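Coordinates in review
Single-letter residue listing:
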Amino acid sequence: MLKRQFLALLLAGVALPFCSHAADKPTIKIGYVEGWSDSVATTNVAANIIRNKLGYPVEIVPVAAGIMWQGVARGDLDATLSAWLPTTHEAYYSQFKDKVVDVAVNYPGAKIGLIVPDYVAAHSIADLNANKAAFQGRIVGIDAGAGVMKKTEEAIKKYQLDYTLLPSSGTGMAAELARSINSKKSIAVTGWIPHWMFAKWKLRFLDDPQKVYGDAEHVDSVINPGLTAKAPEVVAFFKKFRWKPEEIGKVMLDVENGAKPAAAADSWVKANAAKVNEWTH
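Read on for a plain summary of the structure. (Residues numbered from 1 in each chain as written. Predicted model: local features only at pLDDT ≥ 70, side-chain atom pairs only at ≥ 80, totals over all residues. Heavy atoms only, no water.)

**Focus on the layout of surface pockets**
The criterion, for reference: Residues are called lining when one of their atoms sits within 4 Å of a cavity or pocket point, these points coming from a 1 Å grid over the protein atoms alone, where a cavity is a set in which a 1.4 Å probe fits but cannot get out and a pocket is an open set with protein on both sides within 12 Å along at least five of seven lines. Grid points are joined across faces, edges and corners, and a volume is the space filled by probe spheres set on the points. Secondary structure follows DSSP: runs of H or I at least 4 residues long count as helices, runs of E at least 2 residues long count as strands, and numbering of each begins at the N terminus. Here the term charged refers only to Asp, Glu, Lys and Arg, the term nonpolar to Ala, Val, Leu, Ile, Met, Phe, Trp, Tyr, Cys and Pro, and the term polar to all other amino acids, Gly among them.
What the largest pocket holds in volume is close to 600 Å³. What lines the largest pocket is a set of 29 residues, and nearest its centre among them are Trp36, Tyr92, Gly145, Ala146 and Gly147. The greatest single-element share of the lining of the largest pocket, amounting to five residues, is contributed by helix H6 (residues 147-158). Each residue belonging to the lining of the largest pocket can be placed in one class, and the counts come to 14 nonpolar, nine polar and six charged. Surrounding the second largest pocket, 19 residues form its lining, Glu34, Gly35, Ser37, Thr171 and Glu256 being those nearest its centre. Going through the elements one at a time, helix H2 (37-52), helix H7 (170-182) and helix H11 (245-256) are the ones with two or more residues in the lining of the second largest pocket.

Shown next as structure tokens:
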């Protein structure tokens, strides 16, 4: 009896430090842009893995892009996985590059520009004026002030387009695109990849010979320098976390079809255990 009690106390004494250590892990704050489907998908998948595989509490914080960069630089946020470089977030990176650390690319081959359904006649931005009637002389945009909107204003001047850029929102742009595709009408929208709409419809970017929108971009994981000491396991994970169009596309489309972002992320993580294991070991 005494031996059993001694063993029980010994086991309890060994177990308690491990429980205490897990409970003492700091909360990881990750900033993301709420209206960006790729940002939502990537952040929720990463948060799920950090929470359930690495044992850290996670808080994800929806913010505007500029506030996101400022938050990481100041340490109000530990990280963001939504840094579009080198073009879209060029101004933010130039401002904060001495106060943040770009640890890895999490999505290569990102791109911004003008997107059209695959059936339209135009293949280049330079073709738009000749097809003005079909496009009703308009380009459907997203939020005024967004990086892709500023670039589109430049494109209209550079290509001397007789078009009006209509500000909207990510949701509004997608709704306009859906309506046009359903009726087989020509439409040009400001957009980017990765985005769920590429998993749903046959779309393509209009060629940009003047390189207004820049070359292909990448989405990076950017951290506050203090995170390396605060949570080295998380930084090690960020360095390995990198996924493909079909992987992120599955999560984005699930969310667009009505799944909660956390639930879509959880389903993806459970279905891709081998990939997650590569990232966390």
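**A few points about the packing of aromatic side chains**
The description of an aromatic ring pair uses the distance of the two centres, along with the angle that the planes make with each other. Which entries qualify depends on this criterion: Here the aromatic set is Phe, Tyr and Trp, taking the six-membered ring for Trp, and pairing holds for ring centres within 6.5 Å; pairs whose planes are under 30 degrees apart are stacked, those over 60 apart are edge-to-face, and all others are tilted. Whether a charge sits over a ring comes down to the Lys NZ or Arg CZ being within 6 Å of the ring centre and within 35 degrees of the ring normal.
Tallied over the entire structure, the rule returns ten aromatic pairs. Among the aromatic residues, ring-to-ring pairing joins Phe237, Phe238, Phe241, Trp243, Trp268 and Trp279 into one connected group. Between Lys111 and the ring centre of Phe205, over which it is positioned, the NZ or CZ distance is 5.2 Å.

**Quick word on the pattern of salt bridges**
Which entries qualify depends on this criterion: In what follows, salt bridge is the name for a side-chain nitrogen of Lys or Arg lying within 4 Å of a carboxyl oxygen of Asp or Glu. Summary of the burial criterion: residues with accessible area below 20% of their type's maximum are buried, those above 50% are exposed, and those between are partly exposed, where the area comes from a 1.4 Å probe applied to protein chains only.
Under the counting rule described, the total for this entry stands at twelve salt bridges. Of the charged contacts in the structure, one is a salt bridge between Lys25 and Glu233, with a shortest N-O distance of 3.6 Å. With Lys25 in the loop between helix H1 (2-23) and strand E1 (28-32) and Glu233 in helix H10 (residues 232-240), this residue pair connects regions lying 208 residues apart in the sequence. On the accessibility criterion, Glu233 (40% relative accessible area) is partly exposed. Measuring nitrogen to oxygen at the nearest pair gives 2.6 Å for the salt bridge that ties Lys250 to Asp254. Here Lys250 and its partner Asp254 are both found in helix H11, four residues apart, which amounts to about one turn of the helix. Judged by its relative accessible area of 45%, Lys250 is partly exposed.

**Let's talk about the packing of helix H12 (residues 261-271) against helix H13 (residues 273-280)**
Test applied: Where helices are involved, their axes are fitted lines through C-alpha atoms of the stretch in contact, as for all axes, and angles between N-to-C directions lie from 0 to 180°. Each angle gets one of four labels, with under 35 degrees taken as roughly parallel, over 145 as roughly antiparallel, 65 to 115 as roughly perpendicular, and the rest as oblique. In what follows, residue pairs with any heavy atoms lying within 4.5 Å of each other are defined as contacts.
Interaxial distance between H12 and H13 falls to 5 Å at its minimum, and their mutual angle equals 90 degrees. The orientation of H12 with respect to H13, classified from their angle, is roughly perpendicular. Mapping the contact onto sequence places Trp268, Val269, Lys270 and Ala271 in H12 and Ala273, Lys275, Val276 and Trp279 in H13. Residues that form the contact of H12 with H13 fall into these classes: six nonpolar, no polar and two charged.

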